[in-house]
Amino acid sequence: AQSVAQPEDQVNVAEGNPLTVKCTYSVSGNPYLFWYVQYPNRGLQFLLKYITGDNLVKGSYGFEAEFNKSQTSFHLKKPSALVSDSALYFCAVRDLVTGGGNKLTFGTGTQLKVEL
Amino acid sequence: DAGVIQSPRHEVTEMGQEVTLRCKPISGHDYLFWYRQTMMRGLELLIYFNNNVPIDDSGMPEDRFSAKMPNASFSTLKIQPSEPRDSAVYFCASSLGPLAGGINEQFFGPGTRLTVL
């Protein structure tokens with residue numbers, strides 16, 4: 001079965017510093033990976049996805065993610081964190097289920113806290 | 001497009017009552033998903049539809065939960081009777097399927113916060 005793991009429940013970073021939110025995956029076949037963000041009292045918002053091609057994927061709000069096949073990782077990054085980036089971040093992988101379309105399996109989420 | 005629309009945004013009810021949550025997906029999307037989010041269990045997929053047909057309901061907790069999609073622009077999730085442990089935020093999401101080309105992301109609604117007293 002497809003799965004993703006987010007090893008950190010919370011990440012703290014100072015504003016202006018680079019941030020990394022970690023995600024590792026386990027799939028059979030080609031991995032299709034996603035990052036979502038959830039702000040308080042809001043639904044999940046799509047940030048970016050990796051399907052194929054360049055290992056560095058650029059997304060919304062200045063976020064990017066690096067796909068690493070040998071390490072089976074898809075870490076989310078941003079060069080300079082903002083206080084407004086504080087939110088809950090989810091990594092997800094597309095499930096390979098016949099008729100499943102774009103069914104996703106989500107990680108447990110990582111709470112990012114950016115402090116002044 | 002207005003995005004995925006859910007109603008109500010908040011629902012407070014008493015144990016034993018019937019609760020109906022509503023969702024309008026993005027026009028043209030052929031997949032619709034219902035999720036539940038709690039602190040204890042995180043984000044759980046309850047059921048999803050393709051072209052209005054339920055494909056996988058293995059995440060539905062028990063027979064008290066039912067979901068329908070009578071047409072491409074409307075879906076309901078019903079809990080009858082409701083219990084305090086059903087208290088959670090319920091999200092609806094929609095997406096284009098593979099036939100539309102590519103691997104498409106899901107778009108989430110704002111959620112319905114359900115409190116069962």
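In this text the structure is predicted, and so the values were computed from the model without any measurement. (Residues numbered from 1 in each chain as written. Chains lettered and ligands numbered in written order. Predicted model: local features only at pLDDT ≥ 70, side-chain atom pairs only at ≥ 80, totals over all residues. Heavy atoms only, no water.)

Let's shift gears to the interface of chain A and chain B. With 22 residues of chain A at the contact, the number on the chain B side is 23 residues. Taking both sides of the interface into account, the surface hidden between chain A and chain B amounts to around 1,700 Å²; carbon and sulfur atoms contribute 55%. Between the two partners, chain A and chain B, sit 2 salt bridges. With a closest N to O distance of 3.0 Å, Glu 105 of chain B and Lys 49 of chain A form a salt bridge. Viewed at the interface, chain B and chain A are joined by 5 residue pairs in polar contact (both at pLDDT 80 or more). For the side of chain A that touches chain B, the per-class residue count stands at 11 nonpolar, 7 polar and 4 charged. (Contact = heavy atoms within 4.5 Å. Buried area = accessible area lost by both parts, 1.4 Å probe. Salt bridge = Lys/Arg side-chain N within 4 Å of Asp/Glu carboxyl O. Polar contact = N/O pair within 3.5 Å; in protein donor to acceptor, adjacent residues only side chain to side chain. Nonpolar A, V, L, I, M, F, W, Y, C, P; charged D, E, K, R; others polar.)

Moving on, we get to the side chain of Ser 94 of chain B. Residues and elements named next belong to chain B. Summarising the element assignment, Ser 94 is placed in strand β9 (residues 88-95). With a relative accessible area of 0%, Ser 94 lands in the buried category. Of the polar contacts made by the side chain of Ser 94, one reaches the backbone nitrogen of Ile 26; its length is 3.3 Å. Apart from the residues within four sequence positions on either side, Ser 94 is in contact with Val 4, Pro 25, Ile 26, His 29, Tyr 31, Leu 32, Glu 105, Gln 106 and Phe 107. (Helix = DSSP H or I, 4+ residues; strand = E, 2+ residues; numbered from the N terminus. Buried < 20%, exposed > 50% of the residue type's maximum accessible area, 1.4 Å probe, protein only.)

Time to look at the state of the cysteines. Under the counting rule described, the total for this entry stands at 2 disulfides over all chains. Between the sulfur atoms of Cys 23 of chain A and its disulfide partner Cys 91 of chain A the distance amounts to 2.0 Å. Taking the sign of the S-S torsion, about -65 degrees here, the bridge from Cys 23 of chain A to Cys 91 of chain A comes out left-handed. Here Cys 23 of chain A is found in the loop between β3 (19-21) and β4 (24-26), whereas its partner Cys 91 of chain A is found in strand β10 (residues 87-94), with 68 residues between them in sequence. Across this residue pair, the class does not change: Cys 23 of chain A and Cys 91 of chain A are buried. Shown here is the disulfide that connects Cys 23 of chain B with Cys 92 of chain B, its sulfur atoms set 1.9 Å apart. (Disulfide = S-S within 2.5 Å.)

Residues and elements named next belong to chain B. On the basis of which strands lie adjacent, the open sheet formed by 4 strands has the order β1-β3-β8-β7 and antiparallel pairing. Of all strands in the sheet, those with a lone pairing partner are β1 (5-7) and β7 (65-71), marking the two edges. Adjacent strand axes in the sheet meet at a mean angle of 15 degrees, parallel and antiparallel pairs treated alike. Two strands pair when backbone bridges link them, and β1 and strand β3 (residues 19-24) are joined in this way by 3 bridges, in the antiparallel orientation. In the sheet register, Ser 7 faces β3, and the bridge partner there is Arg 22. (Pairing = 2+ DSSP bridges. Axes fitted to C-alpha atoms, helices over the stretch in contact; angles between N-to-C directions.)

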